[in-house]
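Chain and residue survey
So you can see what is in the structure, the chains are spelled out below.
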Number of protein chains: 4
Amino acid sequence: MEIPVVSTTEVLQRYKQVRQQTEELCKPLSKEDYVVQPVVDVSPPKWHLAHTTWFFETLLLKKFNSDYEVFDQDYNYLFNSYYESVGERVLRADRGNLTRPGVDDIYAYRRYVDEAMDSLINGENTLNNEFHKILEIGLNHEQQHQELLVTDIKYILGHNPVFPSYFEEDSVSSGNQSRIADFLEIPAGIYQIGHQSDGFCFDNELGIHQVYLPAYKIMDRLVTNDEYLEFMQAGAYSDFRCWLMEGWEWVKTHKVSNPLYWYKLEGIWHNYNLRGLQPLDGNAPVTHISFFEADAYARWRGMRLPTEFEWETACKMYQPQVPDRAEFQEMWQFMPLPAAGDNFQFYGDAWEWTGSAYRPYPYFKQEEGALGEYNGKFMINQMVLRGGSCATPGDHIRATYRNFFHPHLRWQFTGIRLATHI
Amino acid sequence: MEIPVVSTTEVLQRYKQVRQQTEELCKPLSKEDYVVQPVVDVSPPKWHLAHTTWFFETLLLKKFNSDYEVFDQDYNYLFNSYYESVGERVLRADRGNLTRPGVDDIYAYRRYVDEAMDSLINGENTLNNEFHKILEIGLNHEQQHQELLVTDIKYILGHNPVFPSYFEEDSVSSGNQSRIADFLEIPAGIYQIGHQSDGFCFDNELGIHQVYLPAYKIMDRLVTNDEYLEFMQAGAYSDFRCWLMEGWEWVKTHKVSNPLYWYKLEGIWHNYNLRGLQPLDGNAPVTHISFFEADAYARWRGMRLPTEFEWETACKMYQPQVPDRAEFQEMWQFMPLPAAGDNFQFYGDAWEWTGSAYRPYPYFKQEEGALGEYNGKFMINQMVLRGGSCATPGDHIRATYRNFFHPHLRWQFTGIRLATHI
Amino acid sequence: MEIPVVSTTEVLQRYKQVRQQTEELCKPLSKEDYVVQPVVDVSPPKWHLAHTTWFFETLLLKKFNSDYEVFDQDYNYLFNSYYESVGERVLRADRGNLTRPGVDDIYAYRRYVDEAMDSLINGENTLNNEFHKILEIGLNHEQQHQELLVTDIKYILGHNPVFPSYFEEDSVSSGNQSRIADFLEIPAGIYQIGHQSDGFCFDNELGIHQVYLPAYKIMDRLVTNDEYLEFMQAGAYSDFRCWLMEGWEWVKTHKVSNPLYWYKLEGIWHNYNLRGLQPLDGNAPVTHISFFEADAYARWRGMRLPTEFEWETACKMYQPQVPDRAEFQEMWQFMPLPAAGDNFQFYGDAWEWTGSAYRPYPYFKQEEGALGEYNGKFMINQMVLRGGSCATPGDHIRATYRNFFHPHLRWQFTGIRLATHI
Amino acid sequence: MEIPVVSTTEVLQRYKQVRQQTEELCKPLSKEDYVVQPVVDVSPPKWHLAHTTWFFETLLLKKFNSDYEVFDQDYNYLFNSYYESVGERVLRADRGNLTRPGVDDIYAYRRYVDEAMDSLINGENTLNNEFHKILEIGLNHEQQHQELLVTDIKYILGHNPVFPSYFEEDSVSSGNQSRIADFLEIPAGIYQIGHQSDGFCFDNELGIHQVYLPAYKIMDRLVTNDEYLEFMQAGAYSDFRCWLMEGWEWVKTHKVSNPLYWYKLEGIWHNYNLRGLQPLDGNAPVTHISFFEADAYARWRGMRLPTEFEWETACKMYQPQVPDRAEFQEMWQFMPLPAAGDNFQFYGDAWEWTGSAYRPYPYFKQEEGALGEYNGKFMINQMVLRGGSCATPGDHIRATYRNFFHPHLRWQFTGIRLATHI
C-alpha cells in the first residue's frame, strides 16, 4: 500500500473526524443501551467504543511512543477482540456481562487515547510509512465498527418488545426503486480484479489478478420488498425445492418465514427500522435476509446471484466513480438516496450477497503479526458481500471491498441483486 | 393464615420500609450494573425492581381499585416472571437484553405504584383479609427478591474481570467460627413440623404434621473454609468415591475444583466478597458450594447432611427465639454476627443444604390462581435449604422457612452443617 | 444379610436357572437386534448378556479362584457399566457401536464363565458367607438386567417403523381392571419401613426404621387406560395448571401428548406391545408414563401419588404374602394376571411412581468397593417406584424393593396408583 | 449426456458387475457389523445395501415397468436418503437403530430387484435414452456408495476398542512416495474446465467453461506421513497462527492433535488401516485429515492448496490418460500402487482437498425432480476434493470429478497436495 504524502494537519483532522463520528452515532443511546449483547454476533456499543480505542493504544501508542503509559492494564484483556497474538481476551459471548468499566470510563479512555494520539501524530515523521499504514488501518477498522455499531444498535432496539426508535423524525417514503428492473449486459472476457488505486484497502482486496468471465447480465437495482413478498406469497418458505439443504434446515429449525424485523400486524406487514415499527415500504430494497434466502429467491426467479467477480466487473464498468454518498443521517430506510436520474445504483442500499465463497485471491499475502489476523483467518464457510449499506461510512464504499458473513446471518443490512448468463 | 389486626399506619410503614430497603440495596450500582444477566439464573437488578412492583400492580391495584390505570401496558409482559395464569411473558433468559424501559423509567414506575398503594392502603378496610393476605405475600415476595438482588449483584460484579467492590469499607476478620464444632443430641421421637404461629409464612410451610425421627446429633456451627480446604487438599475433587454420580459428572464437565468465587493468587487462596477480592478467611463458614459439594464433603467426613425435619426440630429445640438479626450492612463476610456467648447459631450465616428433596408436606394445599404458582410447581429435582444467609431479610428468618434450589447451583450463599445418627 | 444354609446343588440349580432365563428372553431376537442402542438409556441386548457375565467373572471368579484365566482381557473395559473402582470403561452412549465381539463370542463367553462358576460353586465351602453374598447379588443383578432386557427390546422393536412383534401369538384382552376402584384406608401411626426378612435385598432397602404416617387412603388397583384417556380428552396436556414446571417444559419441548407407544391410527388409539401394534385395551393399566404425567394425572383428579412409605405400609398390611406370580410368558399386556377374586393387587402390573424422591434411609450404609456403587450414588434427582411389572422376575417382587428413575423416563413399564389423606 | 449405443448384454454385464462388487465388499463383515451407525456421517452397511437397491426400484422399476410390485411398501420410507421429492424418510441419525428388516431380508431385496432389473434391461429398448441415463446414474450412485461402504466400515471397525481387521493378510510396506517431491509448472492462460467426453459424469461437472489461471506450480505427489509428522513435531497443533479461525476452534474443541486413526503406542506412532493397528508407514501419503489440517499444513510450509481449477488443469496436462487402476484389493494402505517409474501420480491415493469452495459452475443446471437433489443442494459450506482414493471404484476416477465434504470431516481417505504461484 502506497501511503500518499499528506500533511500532519490533514492526518489529525481525519483522525478526529472518524473518532467523532463514532461517538455521534451513540448519541441517541441511553446508558443501558451501551451494555447488552442479545446474541453472540452483536457486541455492546460500549465494547465497540473501547475496542476501537484499544486498537490505537495497542498497535500505535505502545509501539511508537516508548513513554506511553496505558490507561488501564485490564483493558488489553477486556477489549481485545480476536487477536490471539496480543494475548488473552474475554470470550466474545461474555462481552455483554461487563458492566464495569462503565460508559463514563470508556469515554474517559477515548479522551486519554485521543490526546496521546494527537501528540503522537504531531510528533511523528509523516514519512514513517509503517506508522501511517497502521494508523490508516486503525481508522478503517473504526469505520467498520461504526457500521457494526449501527446494526448492533438496531438489533438491540429492534428486539426490545417496546420497539424504541433511534431517530426522532418520521420516515419518508422511498420511491426510486419502483421502476421495472433492467439488466446490464457484460460481454465475455478477461477482467482485472482487485484493488489498485492509491487509496486505502484491506489485505484481502490485494493481489490484483485476472479472471475470465463468460458473458452475463446483472440487474440494475436491488430486489424490492414487494418483489420479495411475491416469493413469500408463493409459499417458497415451505417448498424445499427453493433451498440449499442447509438453508432448508435453517428455515425449519428457526421457523423462518420472512426477513428479520418483519412483523405482520392486523394483516399488514410492518418492519422495524431505526424510526420504529412502520408499515412496509414496498418499493424499498428488501434487507436483513440471509444468504440462504437470497439464494432461494434467485433460484425461485430462475436466476442466480452474481459472483463477486461479476459484481466487481459490472460495477467498475457502469459506475466507475463512487457518487457523493448521502450522509448517514439520510439512510434509505427513511430517506432514500437521491435517485438523481441514475438508471443504475451499485452502492449504499444494502450489502449484496454474491454467489462467491470467501476465499483468498491468488496472490493474497497475510500481514505479519496481529494485523495478519484481520481478514485471512475468516476465509472459510462465509460468503462474500459487495457494495455497502446505509450504515457504511461513505469513504468505505468502493468497487473492490470484500465484506463477508456466514450464510445464515441477517442482522446486517443485506440485500439481493440478480444475475444470469446470457 | 390469620392476619393480625394492625393499624393502617403500621401497614403503610411496613410497606414503605420494605420498598425502601430494595432501593437501598441498589445504591452502590451504576446504571450499567442494573441491566445485565450473565447467566440464566441471575436476573438484572432492574428487573427485580420492576417485577416486585408489577406484583403489587397486578395482584392488588388492578384488583382492589377499579379506577386504577396501569403505568404501562407493556409492563405486564415485560415483568411477569413465571406466572402462566397472568399471561404471556418475556423468556427468563432474555431479561438481560431489555435496555428499555430504562432505570429511570423503572424508578418512576415504583413511585407511581407506591403512591397508588399508599392511597389504596389508606382507603382499604383493614378488616379485608384477602387484601391484607396478598399484600403480605407481596411484601415477603419483595423481600425474597432483596436476597436475590444481593446474590445477583454479587454474581454480576464477582464475574467481572476487574472485581469491583460493592461496599467501600474494608472487611473485618471473622472470629466466631474458630472453635471446635460441638454436636447437639436430639432423642428419637415424634416431632411437629410446619408453621403454626400467627406470623406470615408461605404455603409450602403449612400442613403442620408429625414426623418420627430416630435419635441423631447435629453440628452446632457451620463448616468453615479451613475445614473445607482439608477436603480439597485431600484430593476429594478428583476422587469419584466422594460423589453422587451426577455430582461427579458435574465436577468433570465444569472442571470444578473449589467453591464459587475462590481464586488462588500466587499460591494463596482468595475469595471474592462484596468488598472485592480478599484473602480467604479460614474461620468463616464456607459458602457458595453446590449440594453436590456439601453432600460429598459430608460423605468424606463419614457423616451426612441433616434432613430438613432434623434441622427444623433441632432449631426449634435449641434456638426457639430468633435472635435480633444483624443488619444487612454487617454481613458476616466482612463483619460477623455478634457471637454473644451463644454456643449455637442456627441462622443467618448461610443457607444450609439439607438431605431432603423438596416435596410437598402431607397436607399441602396450593393457593388458587397466580399465587398458587408460587411454590408448588417447583417441587421436583430441587433440594431444601434451611436457615438463611447474610443477605436474607431479618424477618424472613424462621425455623420453618423452606428454601430450595437445584443441586448444582452455587450463586446463593449456601453452606454446610453436618449430622449423623447416634 | 443372613445367608441361609443351602446345599451346593440348590445353589447351582438357582445359578443355572437365572442364567438360562436371560438367554430364554433373547430367543426371539435376530442377531441384528442384539447390537443397537437407540437412546442412551437403552443398552444393546448383547451388552446385557456380557455385562451380567462380567459381573461373575470380575467379582467372583477372579477373586475366589486364583487359577482363573479371564476369557478376554478386553472384556473388563468393554462390559464394565459404571463401576469406577473396577477401571476404565466404554462410555455408556457408545455401547451400541460395538459390533465386535459378536453375539456368538458373547454366548461363548457365557459358556466359559458358567463352566468356571460350576466348578467354583462345587468346590466352594458353602459356609463362605462372603462368596455367597456376592453370588446372590450377582444373581439379583442379572435378574434386574432381565427386566431391562425386556424393556430395552421393547424399545428397540417398538421404535422400528415396521413394529415387529416379540411374541408370535395374539393378545388376549384383559378384564380384571374394569371394576370401579376402591380405596383402602390406613390409620395414622408409626410404621416400620425397610427389609427385615431372611431373603435377599439390596443395600438401599436396609436400615429398618420407623416413620410416622398421618391417616390416608390408597387406591386398590392401578389407573386404567380408559381413565387416563379422560385426562387426555380433558386437554390436560395443554393446561399448565396440571403440571410441575419442569414437567410442563418437558411436555412442550418433546411435544408429548400421550403415553409412550401410543399411536392414533384412523381415529382409534393403538399401543405397541410385545405382540405388535394393537388397539388400546381400555381396562388395562396405563403404562409407559413419566413421573411428570403420573403427578399431573393425580393433581387433575384432585389427589396425589402415595409416598413410598405409604405404599410399603399398605402393601404389608393388605397383601403380606406375595402371590404366586404369573410367568413372564403371561405378561398382562396380552394375558392378564388371573384376577382370582382378589379385590386388591399390589404387584406386577407396573412399577408405580411414588411421590418420594430417592434418598437414603436413615441408617443407610454403602457397601465397600465396587458393590458400594450399586445404589447409593444414584440418590439424587430420581423418584422411587414400588411394586414391579410384568417384566420383573417373580422372586424380585417384594414390599420393600426400591426402584428409581428420573422423572421424565418412560421406557419402563410404569403406572399410577392414587392416594389422598383422610 | 450422450449415451453411447451398447448392447443389452453389455449393459446387463455392467449392472451385475457393479451390484456384485458391493456385496463383495461386505464379505468380511459379521451380521452385527451391518447394523450400527457410530456417528451421523457414517451409515450402517446394511443401509447402503438397501438404499442403492431402493434407487433402482424407485427410479427405474416403478417408472418403466407398470406391472412391477414393490418388494415392501415400508422400504421407500426406510431407505430413502435425502430425496425430499420421493416422500418421508427415516432421519439420517436414526439409520443405526433399524435392526429390522434384517441383513437376510436386505439380501433378499437385492435378489428381487436384480431379477426385476434383469427382465427390464432385457426388455427395454436400448435406444431409450431416459432409461439408460437413469440406469447409468444408478450405477454410479451405487459405486459412490461402495466407496462410502469402505470408509464407513473402516470407521466402525477402527473405532472398536479391539481394532478388528477387515483383511486377513498382512500389510506390505509402501515405497513409492519416499522420493523428494517435485513441482510441476503450469503457465498462465485460459483453460477449459468441466466434463466433455462421452462417458458418464454428474451434473455438477457439466457446464464446460473457461477460467483464467495465473502461472503456478503444483506438487507431483501427495504429502507423506513423515512430512506431516514434521508439522506435528513443530507444535503446529498448538499454534493458532497456522489455522483458520474455525479450524483453530475445531482443534481446541475436539482436542485434535493428529490425523484420525493415529495412535501413539509406547512412543511409536501407529495407525489403524483395514488390516488392523500397524506402525505408521512414513512414506505413505498422510490420509484422514480435515480441510482445516490440510490448509494449516500448507500455510505452515509457506504454500497453499491448489484450487480445483488448478488441479484439473494440471491433471489434464500431465496425466491425460487415467492409468489402469489397481484393484480395490490392492489399496495402497497395505500394497501401494505400482510406481511404474511414473514421476507423477494424480489419482487414487487419496481425495485431495482443494482450496475451492463447492459452488456451481457458471452453466450449472440442476436435473428435474429427485435426480436434481443429487448435487446442487449441497453447494454451501463444503470444500471440493479432487482425485480419488484407494476406496474409489476405478472407473470413477476422472479429471473432472468433484467430490465435496465439510471442512472438519476426516473419515474419508483425504490427503494433501501443495501448490504455489510462480
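Located above this text is the structure these notes cover.
The present account deals with the structure reproduced in this document. All of these numbers come straight from a predicted model, not from anything done at the bench.

Quick notes on the rules
Residues numbered from 1 in each chain as written. Chains lettered and ligands numbered in written order. Predicted model: local features only at pLDDT ≥ 70, side-chain atom pairs only at ≥ 80, totals over all residues. Heavy atoms only, no water. Helix = DSSP H or I, 4+ residues; strand = E, 2+ residues; numbered from the N terminus. Buried < 20%, exposed > 50% of the residue type's maximum accessible area, 1.4 Å probe, protein only. Polar contact = N/O pair within 3.5 Å; in protein donor to acceptor, adjacent residues only side chain to side chain. Contact = heavy atoms within 4.5 Å. Pairing = 2+ DSSP bridges. Axes fitted to C-alpha atoms, helices over the stretch in contact; angles between N-to-C directions. Least-squares fit on C-alpha atoms with pLDDT ≥ 70 in both. Buried area = accessible area lost by both parts, 1.4 Å probe. Salt bridge = Lys/Arg side-chain N within 4 Å of Asp/Glu carboxyl O. Nonpolar A, V, L, I, M, F, W, Y, C, P; charged D, E, K, R; others polar.

**Looking at the side chain of Asn140(C)**
Residues and elements named next belong to chain C. Tracing the backbone through its elements, the reader meets Asn-140 in helix H5 (residues 129–158). Here Asn-140 falls in the buried class, since its relative accessible area comes to 3%. Polar contacts involving the side chain of Asn-140 include one to the side chain of His-396, which spans 2.9 Å. With sequence-adjacent residues up to four places away left out, Asn-140 is seen in contact with Arg-14, Phe-200, Phe-202 and His-396.

**Some details on the sheet that holds strand E6 (residues 268–273) of chain A**
Residues and elements named next belong to chain A. With antiparallel pairing, the three strands of this open sheet are ordered in space as E5-E6-E7. Each end of this open sheet is capped by a strand with a single partner; those strands are strand E5 (262–265) and strand E7 (276–279). Adjacent strand axes in the sheet meet at a mean angle of 35 degrees when their direction is disregarded. As defined by bridge partners, E5 adjoins E6 across four bridges and the pair is classed as antiparallel. What sits directly across from Lys-264, in E6, is Trp-269.

**Observations concerning the relation of the copies chain A and chain B**
When chain A is fitted to chain B, the residual RMSD is 0.0 Å, and the transformation amounts to a turn of 180 degrees plus an axial shift of 0.0 Å. One copy is carried onto the other by what is essentially a two-fold rotation axis. Using C-alpha coordinates, one finds that chain A approaches the rotation axis most closely at Glu32(A), a distance of 2.8 Å. A shared interface surface links the copies, since 100% of the contact residues of chain A are contact residues in chain B too.

**What about the interface of chain B and chain C?**
Listed by partner, the interface residues are 36 residues for chain B and 35 residues for chain C. Taken as a group, Tyr212(B), Met245(B) and Ile380(B) account for 20% of the area that chain B buries against chain C, more than any other trio of residues on that side. Between the two partners, chain B and chain C, sit zero salt bridges. For the pair chain B and chain C, the number of links is twelve residue pairs in polar contact (both at pLDDT 80 or more). Looking at the side of chain B that touches chain C, the elements that each hand over two or more residues are strand E3 (209–213), helix H7 (245–253), helix H8 (291–300) and strand E8 (350–357) of chain B. Among the elements that make up the side of chain B that touches chain C, the one with the highest residue count is H7(B) (four residues).

**Topic: the interface of chain A and chain B**
How big an interface is tends to be stated in terms of accessible area lost as the parts join. The interface is formed by 28 residues belonging to chain A together with 28 residues belonging to chain B. The largest share of the area that chain A buries against chain B comes from Glu32(A), Thr99(A) and Arg100(A), three residues that together contribute 33% of it. The interface formed by chain A and chain B holds two salt bridges in total. Of the charged contacts in the structure, one is a salt bridge between Asp33(B) and Arg100(A), with a shortest N-O distance of 2.5 Å. Connecting chain A to chain B are eight residue pairs in polar contact (both at pLDDT 80 or more). For the side of chain A that touches chain B, the secondary structure elements donating two or more residues are helix H3 (74–79), helix H4 (103–123) and helix H5 (129–158) of chain A. Ranked by residues supplied to the side of chain A that touches chain B, first place goes to H3(A) with three residues. Counted by class, the side of chain A that touches chain B contains 15 nonpolar, seven polar and six charged residues.

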